[in-house]
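A look at the structure
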Amino acid sequence: MSQLASPQNKEAVPTVHNLKRSLGRLDMIFLTVAATIGIDTIAQIAGLGGAQAFTWAVVLVVTFMFPYALVMAELGSTFSQEGGPYVWVRLAHGKAAAAVSTMFYWITNPVWLGGSLAFISAATWTTFIQPMEAGSFGDYLFKFIFIWVAIFVSVISLRFGKILLNIGAIVKVGLLIFFVISVAIYAGANGVRGYGAGDFSPTLQGFLEVTPVLLFAFVGFEAQNGAAEEMRNPKKDVPKSIAVSAVVSALCYLVPIFAILAVLPESEITGAGGLLEAMATVFSVYGDATPAMIAIAALLFIFVVLTQGAAWMIASDRVQASAAADGAFPRYFGVFNARFGTPVRVNILSGVIATEFMVCASLFLQSDGASAFAVVLGIAVTTLLISYLWIFPTIIRLRKVQADVPRPYSVPGGKAGLWLCTIVITAWVVLGTWSAIFPGTIQHALGLPYDFEETWSMSQFEFEAFTLGTLAVISLIALGGYALARKRDTN
């Protein structure tokens with residue numbers, strides 16, 4: 001990690017040892033594609049808004065995904081130290097702010113891994129491979145194995161772990177392409193559900209429902225900078241890899257969402273299995289091969305979700321470990337293993353948290369699988385979006401306090417372009433964060449209908465207790481870890 005000091009704090013960000021530069025440009029594209037294309041959220045988006053979900057997805061691709069990619073390209077290529085987002089917030093706003101933002105950024109991923117990813121994978125196995133009773137020993141065992149395989153991928157050396165991520169990214173895009181081709185074949189043989197022009201018309205109600213999940217699905221361009229000092233040439237490769245990843249990600253969301261809506265009515269689309277249900281429908285054109293193809297697609301889906309979770313663990317664990325190495329979290333967790341060059345202690349901590357959250361979510365959420373998936377996904381959406389409230393504004397601050405640092409890439413449009421991009425993406429995140437923490441409140445304020453219990457299969461009190469309780473615990477962990485690290489450093 002380069003010695004990079006803030007004008008407000010001359011203490012340099014400390015060096016992380018045991019790192020090897022093993023990420024080339026293609027590896028970075030695959031890692032970013034693995035992180036940014038949330039195959040688990042595609043059906044959730046389609047189910048939340050119906051045909052207008054496609055319209056809102058297009059709007060957010062243009063007004064959020066692409067400006068966000070521009071901002072991350074500048075930050076990632078200019079400040080290319082291990083732990084990227086932690087370093088940016090640290091230099092712009094100080095160590096305390098970086099400690100809190102990094103905690104929310106990092107903990108999203110074990111919560112997501114042990115929550116929605118483990119849940120959707122278990123539901124996929126139960127529905128399409130071998131039935132398992134919810135809450136049974138087999139159900140818990142499946143989720144436990146899923147979590148710890150992802151952790152294993154994050155523990156092993158990146159030069160080996162990246163191979164699995166690369167395969168996962170290729171399989172993910174290939175599976176989506178094959179699905180879209182199958183939809184075209186199915187449409188030629190059977191027709192598709194008709195769309196009226198009004199079905200795509202955006203409404204405020206649909207906008208408020210789908211925006212938080214869209215924002216969560218579209219982020220991840222900074223993930224590769226968690227391993228910035230393991231890149232061979234970040235100054236050149238970060239902007240180019242983000243550009244390619246942004247185009248691929250946009251297409252891999254928009255086209256499959258449209259395809260799902262073409263074959264399934266909105267009422268039959270669930271986040272826990274909507275994509276595979278759509279595949280089961282269109283694969284009927286393959287005759288006797290249909291059952292085998294659905295089973296293969298289900299196995300590939302689980303594999304893709306696993307590598308998706310592992311990609312985020314690889315990135316976010318490095319961000320948290322960098323924070324610990326800098327004393328924003330107990331330094332015990334800031335060690336990169338000499339053999340693997342990975343933050344094994346944080347990796348294991350992530351696995352423990354993911355396992356605990358999986359068990360707690362399974363016990364707390366006694367609703368059906370689709371509702372449980374939606375609630376635990378909501379927790380991950382909330383924690384990640386909160387972290388971006390710190391990360392996004394750093395680019396404006398760093399343009400001022402780190403003006404002398406050469407910028408291999410800058411957001412186009414000068415100061416006006418920079419401010420426009422930053423304000424727009426930050427405003428989206430503010431809206432998405434509020435909607436995720438307090439769903440239905442904006443609708444009620446605007447006089448729009450919103451049936452909370454029908455949407456979430458629980459009372460608003462139960463939802464808010466689960467959500468706000470989780471956020472309170474995370475905040476206490478962040479502040480407690482920061483205070484403990486400071487106390488030990490001063491002794």
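Heads up: these notes are all about the structure in this document. All chains use their own residue numbering, which begins from 1 and follows the written sequence. Totals for whole chains, interfaces and linings use every residue, but because this is a predicted model, local features are given only for residues with pLDDT of at least 70 and side-chain atom pairs only at 80 or more, for both listing and counting. In computing side-chain values, all of the structure's heavy atoms are included and hydrogens and water are not.

Glancing now at a nonpolar patch on the surface. Residues Phe137, Leu141, Phe144, Ile145 and Val149 make up a contiguous nonpolar surface patch of about 480 Å² in total accessible area. Every helix listed is a DSSP run of H or I at least four residues long, and every strand listed is a run of E at least two residues long, numbered separately from the N terminus. You can see Val149 is positioned in helix H6 (residues 137-155). Excluding any residue in a salt bridge, patches collect residues exceeding 30% relative accessible area, merging like charges within 9 Å and nonpolar Val, Leu, Ile, Met, Phe, Trp and Tyr side chains within 5 Å. Here the accessible surface of atoms and residues is derived via Shrake-Rupley with a 1.4 Å probe, and residues count as covered only by protein chains that are part of the display. Criterion for a salt bridge: a side-chain nitrogen of Lys or Arg within 4 Å of a carboxyl oxygen of Asp or Glu.

Per the stated rule, a full pass over the model turns up 8 salt bridges. For the salt bridge of Glu74 with Arg399, the shortest nitrogen-to-oxygen distance reads 2.8 Å. Placement of the pair is Glu74 in helix H3 (residues 51-78) and Arg399 in helix H14 (residues 394-401), with a sequence separation of 325 residues. Judged by relative accessible area, which is 2%, Glu74 ranks as buried. The salt bridge partner of Glu74 is Arg407, with a shortest N-O separation of 3.3 Å. Taken together, the residues Glu74 in helix H3 and Arg407 in the loop between H14 and helix H15 (414-437) connect sequence positions 333 residues apart. Overlapping salt bridges, with partners in common, bring together Glu74, Arg399 and Arg407 in one network. Summary of the burial criterion: residues with accessible area below 20% of their type's maximum are buried, those above 50% are exposed, and those between are partly exposed, where the area comes from a 1.4 Å probe applied to protein chains only.

The next thing to look at is empty space enclosed by the protein. Any residue with an atom within 4 Å of a point lines the site, the site being either a cavity, points on a 1 Å grid over the protein atoms alone where a 1.4 Å probe fits but cannot get out, or a pocket, an open set with protein on both sides within 12 Å along at least 5 of 7 lines. Grid points are joined across faces, edges and corners, and a volume is the space filled by probe spheres set on the points. Taken as a whole, this structure holds 2 cavities of 30 Å³ or more when the rule is applied. Taken as a whole, the largest cavity spans an internal volume of roughly 80 Å³. Around the largest cavity sit 15 residues that line it, and Ala35, Trp112, Phe216, Val219 and Trp312 are the ones nearest its centre. When residues of the lining of the largest cavity are traced back to their parent elements, those giving at least two are helix H1 (25-36), helix H5 (95-128), helix H8 (204-218) and helix H11 (290-325). In terms of residue count, H5 provides more of the lining of the largest cavity than any other element does, 3 residues in total. Gly falls in the polar group here, along with every residue not listed as nonpolar (Ala, Val, Leu, Ile, Met, Phe, Trp, Tyr, Cys, Pro) or charged (Asp, Glu, Lys, Arg). Considering only residue class, the lining of the largest cavity consists of 8 nonpolar, 6 polar and 1 charged.

An ideal rise of 1.5 Å per residue puts 21 Å on 15 residues; H8 measures up with 20 Å between its terminal C-alpha atoms. Along its length, H8 shows its largest kink, about 40 degrees, at Val210, and proline Pro212 lies within four residues downstream of that point. Burial analysis of H8 places 13 of its 15 residues in the buried class, which makes it a mostly covered element. Once H8 finishes, Gly220 follows within two positions and takes phi at roughly 135 degrees, a positive value. Take the residue count of a helix, subtract one, and multiply by 1.5 Å to get its expected span. In this analysis the local bend is the angle between axes fitted, respectively, to the seven residues ending at and the seven residues starting at the residue.

All right, on to H5 then. Given a rise of 1.5 Å per residue, 34 residues ought to cover 50 Å, and the 47 Å separating the end C-alpha atoms of H5 matches this to within 8%. Within H5, the axis deviates most sharply at Trp112, by approximately 45 degrees. In terms of burial, H5 is largely enclosed, as 29 of its 34 residues are buried.

Purely geometric numbers; function is a separate question.
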